[in-house]
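# Architecture and fold: a report
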Amino acid sequence: MAKSPEAEHPLKAIGWATKDTSGVFSPFKFSRRATGEHDVQFKVLYCGVCHSDLHMAKNEWGLTQYPLVPGHEIVGEVTEVGSKVEKFKVGDKVGVGCMVGSCRQCDQCTNDLENYCSKMILTYSAVYIDGTITYGGYSNLMVADEHFVVLWPKNFPLDIGAPLLCAGITTYSPLRYFGLDKPGMSIGVVGLGGLGHVAVKFAKAFGTKVTVISTSINKKKEATEKLGADSFLVSRDPEEMKAATGTLDGIIDTVSAHHPILPLISLLKPHGKMVLVGAPEKPLELPAFPLLSGRKLVAGSGIGGMKETQEMIDFAAKHNILPDVEIIPIDYINTAMDRLGKSDVKYRFVIDIAKSLKLE
Amino acid sequence: MAKSQSPETEHPVKAFGWAARDTSAHFSPFNFSRRATGERDVQVKVLYCGVCHSDLHMAKNEWGFTQFPIVPGHEITGIVTEVGSKVEKFKVGDKVGVGCMVGSCRECDQCANDLENYCSKFILTYSSRYTDGTVTYGGYSDKIVADEHFVIRWPENLPLDAGAPLLCAGITTYSPLKYHGLDKPGLNIGVVGLGGLGHVAVKFAKAFGSKVTVISTSINKKKEATERLGADSFLVSRDQEAMQAAAGTLDGIIDTVSAAHPLLPLVNLLKPHSHLIMVGGGEKPLEVPMLPLIFGRKSISGSGIGGLKETQEMVDFAAKHNIFADVEVIPMDYINTAFERLEKSDVKYRFVIDVANSFKAE
């Protein structure tokens, strides 16, 4: 019944996949569908390595379909467009992020919130409308519906910019939605990794004062001198945290490891909002009283819709906001994942697919 | 400096109430005193006082900040008996109310925006330190003196007994419905828990034109909720199938329950981008499932009473729409039995102490 990954579609493709929860990657032959009338086919040039790729490789969220070809910060050059495609032509530089499909009809979809559609299809490890598993950007070729393809701004670097397609939209969206983008506001960013460092850049571009909150003093110099954060708090230092009580209008918490949130809630002003974008798998403990006595709010947010993703990329290009990356060849991916597990990267690996992944 | 004078002597005006002296929360008569009516003060003869569940939490010192002896009561209605020389809003004979606060700094961002309840220096009606250093005593007493800013004008047609609980239960549920935009007609609002707060939340939500779903642990409350209070539907939170069928249908939920309870099933009832608002004051931390919040951009927030301007607005709205609490009026000396029953949720839905008639002989 089920055809092999190599045979299920007409176009040969190559990627690197992990086959089980060990999370170890190796070359993988598979195939891509023919370019449908609304599809855009593109040669992958670069793909960012998101921490979600690691969570999924080890099936930490229980959603993984093996073999898994992750990668949802994908940039490339269009090689073919379907007959009804209007927004793209061959040669265009494009990007694909975390989604490749949604129902296109529900309230969420009609309000440009495809990421909240109950039938949203992830770029990898999901079931596409044709019943096949989706494979992501750790591969040489992508085919996606034009609605889920982003036009890459001219003169905007593809390699360094790729992580915006997940880390960028994931932090841009809640800053906008929760009104934490007004000049002069005081915004906290918890965690200084792939998401955190991009959050700092967007928050600064919005004119806010940014406080980075981290478990370790080691990141202070980096945060304040390189990333432009206005201040830095060590979350394990009770005195520092106390002194900053009630000073923040909002907090973007990017940490996925289980961590105490009461100290963070205390940092909020009344009516302040904390938005969690890291995805801890165990429930967090939330004290009721501080929420009631300060009318504070804790929300979650995940990526953004396609319209907002395009808006975010255009904003980043206009304000020259780019992640800090380490470019790697595809065969470095296992070492990269080990280092990522120890937060040993400033701040995103980006795979140079074009140079390192070739179809034999 | 003289440490503490006794409650009876620290102020010039004799007062009488019922207090608990320790965490046994046993109430008995208590002689104390009220301050002289300052230039901005209003002195009120207490007619009725609602019994809020907070009064019980505080009498047992469950939140750790009770000052004993405690005279609770923050749903107070009465008649003005004296006004200070600079008082503008009230005159002798006016019907008034006093809720959960009697002071704030009046200068900070919160106070300047009519959000005195979020002022870091706000003073509770009972068991707090007033600006003169004395402990505040609440409405389980024959009289109260309060700054006019914290006194509410009582509308003519609103009953003083059944309306008294609006001063805490009312504002506590009205405020978040307004703040989160849950006061638009046609929305689907959930109310968790059908007690003092919950039943008033249902009434306000219906008055706003919402469809209301009451969520309760027990099927016993269904008839009450739908037939008497006008709720449009009823969910038993322990009925997994019913909860699953209602997944993603609610625009907002007001959760009035203070006991520890699982939040994940409630989060699942919300539509994307919607809020679960906690107004019950539980002391144990809640367990928040993060992935459902992230996948639906949902939130959990809290809300506590409301500012004075909004409290007045709420009372006027209630008068206009004939909204008041369902109460059981009791004499003061029933209070200990009332608390036992309150602990078992055995009241529909607020006890209100008929203070004036209880203290006539004193």
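Only a predicted model underlies this, so the values are computations on that prediction, with no experimental measurement involved.

So, on to the overall build of chain A. Each helix and strand in chain A was counted, giving 12 helices and 18 strands. On the principal axes, the C-alpha backbone points of chain A span a range of 60 × 40 × 40 Å. Relative to its full complement of 360 residues, chain A shows a buried share of 59%. When contacts within chain A are restricted to residue pairs at least 6 apart in sequence, long-range pairs at least 24 apart make up 66% of them. Accessible area of chain A: about 14600 Å², with a carbon and sulfur share of 52%.

The next point concerns unusual backbone geometry. Cis geometry is found at the peptide bond from Tyr66(A) to Pro67(A), where omega equals -5°. The phi angle at Ser127(B) is positive, at roughly 65°, despite the residue not being glycine. Topologically, Ser127(B) is positioned in the loop between β7 (123–124) and β8 (143–147). Residue Ile305(B) is not a glycine yet carries a positive backbone phi of 40°. Residue position: Ile305(B) is located in the loop between β16 (299–302) and α10 (308–320).

Bringing helix α11 (residues 333–341) of chain A into the picture now. All names here are of chain A. Here α11 has its buried residues at Ile-333, Ala-336, Met-337, Arg-339 and Leu-340. End-on, the buried residues of α11 take up no more than an arc of 165°, which puts them together on one face. Facing away from the buried side of α11, by more than 90 degrees, are the exposed residues Asp-338 and Gly-341. Ser-343 occupies a position one or two residues after α11 and carries a positive phi of about 55°.

Turning our attention to the packing of aromatic side chains. Residue and element names in this part refer to chain A. Here the structure, examined in full by the defined rule, presents 27 aromatic pairs over all chains. Measuring from centroid to centroid gives 5.3 Å for Tyr-172 and Phe-202, while their planes differ by 65°, and the two rings are edge-to-face. Of this pair, Tyr-172 sits in helix α4 (residues 167–177) while Phe-202 is found in helix α5 (residues 194–205), placing the two residues 30 residues apart along the sequence. What makes Tyr-172 buried here is its relative accessible area of 1%. Judged by relative accessible area, Phe-202 falls into the buried class, the value being 0%.

Turning our attention to the sheet that holds strand β13 (residues 248–253) of chain A. Strands sit in the order β12(A)-β11(A)-β10(A)-β13(A)-β14(A)-β16(A)-β16(B)-β14(B)-β13(B)-β10(B)-β11(B)-β12(B) across an open sheet of 12 strands; the sheet is mixed. This sheet does not close on itself; its edge strands, each paired only once, are β12 (231–234) of chain A together with β12 (233–236) of chain B. Each adjacent strand pair in this sheet contributes to an overall mean axis angle of 20°, direction not counted. As paired strands, strand β14 (residues 270–278) of chain B and β16(B) are joined by 4 bridges and run parallel to one another. Paired with Ile277(B) across the two strands is Ser301(B), which belongs to β16(B). Sitting on the sheet, α5(A) touches β10 (186–190) and β11 (209–214) of chain A, and the angle it makes with β11(A) is about 165°.

Okay, the UniProt feature "domain: Enoyl reductase (ER)" (unreviewed entry) in chain B next. According to UniProt, the feature "domain: Enoyl reductase (ER)" (unreviewed entry) maps to residues 22–353 of chain B in the numbering used here. The distance from the first to the last C-alpha atom of residues 22–353 of chain B is 21 Å, and the span holds 26% helix and 27% strand.

What follows concerns the interface of chain B and chain A. Interface size is commonly expressed as the accessible surface area that is lost when the partners come together. Between chain B and chain A, the contact holds 34 residues from the first and 32 residues from the second. Carbon and sulfur atoms make up 65% of the area that chain B and chain A hide from each other, which totals about 2900 Å². Between chain B and chain A we count 0 salt bridges in total. Linking chain B with chain A are 8 residue pairs in polar contact (both at pLDDT 80 or more), by the criterion used here. Looking at the side of chain B that touches chain A, the elements with two or more residues in it are α4 (169–179), β14, β15 (286–288), α9 (290–296) and β16 of chain B. Broken down by element, the side of chain B that touches chain A gets its largest block of residues, 6 residues, from α9(B). Residue composition of the side of chain B that touches chain A, grouped by class: 17 nonpolar, 14 polar and 3 charged. Strand direction decides the pairing type here: strand β15 (residues 284–286) of chain A and β15(B), joined by 3 bridges, are antiparallel. Bridged to Leu286(A) within β15(B) is Leu286(B).

Moving on: the pairing of strand β5 (residues 95–98) of chain B. Residue and element names in this part refer to chain B. Strand direction decides the pairing type here: strand β4 (residues 76–83) and β5, joined by 4 bridges, are antiparallel. Each residue of the ladder has a partner; that of Gly-78, found in β5, is Val-96. For β5 and strand β9 (residues 151–153), the ladder comprises 3 bridges, and the chain directions are antiparallel. Bridge pairing in β9 places Val-98 opposite Val-151.

The subject of this paragraph is the environment of Ser266(A). Residue and element names in this part refer to chain A. Counting through the fold element by element, Ser-266 comes out in helix α8 (residues 262–267). Judged by relative accessible area, Ser-266 falls into the partly exposed class, the value being 27%. Considering only alpha carbons, one finds Ser-266 and Gly-294, 28 residues apart in sequence, at a separation of 9.2 Å.

UniProt marks residues 23–351 of chain A with the feature "domain: Enoyl reductase (ER)" (unreviewed entry), using the numbering shown here. For the annotated span residues 23–351 of chain A, helix accounts for 26% and strand for 27% of the residues, and the straight-line distance between the end C-alpha atoms is 17 Å.

Turning our attention to the nonpolar core. Grouped together as the largest cluster of nonpolar side chains are 54 residues, with contacts concentrated most on Leu164(A), Leu175(A), Val200(A), Phe202(A) and Val212(A). Listing elements by their share of this core, those giving two or more residues are β3 (39–49), α4, β10, α5, β11, β12, β16 (297–300) and α10 (306–319) of chain A. The greatest single-element share of this core, amounting to 6 residues, is contributed by α5(A). Tyr174(B), Ala225(B), Met314(B) and Ala325(B) belong to the second largest nonpolar core, which has 51 residues in total.

The next thing to look at is the pattern of salt bridges. Across all of its chains, the model carries 34 salt bridges over all chains by this definition. Measuring nitrogen to oxygen at the nearest pair gives 2.9 Å for the salt bridge that ties Arg33(A) to Asp39(A). According to the relative accessible area criterion, Arg33(A) is buried, its value standing at 17%. For Asp39(A), a relative accessible area of 7% translates into the label buried. In this structure, the salt-bridge partner of Lys204(A) is Asp230(A), at a minimum N-O distance of 2.8 Å. Here Lys204(A) is found in helix α5, whereas its partner Asp230(A) is found in the loop between α6 (220–226) and β12, with 26 residues between them in sequence. Through salt bridges with shared partners, a single network forms among Lys203(B), Glu224(B), Arg228(B) and Asp326(B).

To continue, consider α10(A). Residue and element names in this part refer to chain A. Between its terminal C-alpha atoms α10 stretches 20 Å, which fits the 20 Å expected from 14 residues at 1.5 Å a residue. Those residues of α10 not exposed but buried are Met-306, Glu-308, Thr-309, Met-312, Ile-313, Phe-315 and Ala-316. On its buried side, α10 packs onto β6 (99–101), β9 (149–151), α4 and α5. Just past α10, the residue Asn-320 takes up positive phi, approximately 55°.

What counts, and where the lines are drawn
Once a new chain begins, its residue numbering starts again from 1 and follows that chain's sequence as written. Working convention: letters from A go to chains and numbers from 1 go to ligands, in the order in which they are written. It should be noted that, the model being predicted, local features are given only for residues of pLDDT at least 70 and side-chain atom pairs only at 80 or more, the latter also being counted only at that level, while totals for whole chains, interfaces and linings use all residues. Based on all heavy atoms of the structure, the side-chain values leave hydrogens and waters out of the count. Counting from the N terminus, the helices are DSSP H or I runs at least four residues long and the strands are E runs at least two residues long. Burial here depends on accessible area, computed with a 1.4 Å probe over protein chains only, as a share of the maximum for the residue type. Under 20% is buried, over 50% is exposed, and the range in between is partly exposed. A contact between two residues is defined here by any heavy atoms of the two lying within 4.5 Å. Accessibility throughout is a Shrake-Rupley quantity obtained with a 1.4 Å probe, and a residue counts as covered only by protein chains that appear here. The directions considered for the arc run from the helix axis to the C-beta atoms. Any two rings among Phe, Tyr and Trp, with Trp reduced to its six-membered ring, count as a pair given centres within 6.5 Å; such a pair is stacked if its planes are under 30 degrees apart, edge-to-face if over 60, and tilted if neither. Only when DSSP finds a minimum of two bridges between them are two strands counted as paired. For helices, the fitted axis covers only the stretch in contact; all axes are lines through C-alpha atoms, and the angles between them, taken along N-to-C directions, range from 0 to 180 degrees. UniProt positions are given in the numbering used here, feature names are shortened, and annotations may be inferred rather than shown by experiment. In short, buried area is how much 1.4 Å probe accessible area vanishes from two parts on joining, totalled over both. A carboxyl oxygen of Asp or Glu within 4 Å of a side-chain nitrogen of Lys or Arg is what we treat as a salt bridge. Contacts described as polar in this section are N or O atom pairs within 3.5 Å, which, within protein, must combine one atom able to donate a hydrogen with one able to accept it, while residues neighboring in sequence count only if both atoms come from side chains. Ten residue types, Ala, Val, Leu, Ile, Met, Phe, Trp, Tyr, Cys and Pro, are classed as nonpolar, four, Asp, Glu, Lys and Arg, as charged, and the remainder, Gly among them, as polar. Among the buried residues, those of types Ala, Val, Leu, Ile, Met, Phe, Trp, Tyr and Cys that are joined through side-chain atoms within 4.5 Å form a nonpolar core. Take the number of residues in a helix, subtract one, and multiply by 1.5 Å to get its expected span.

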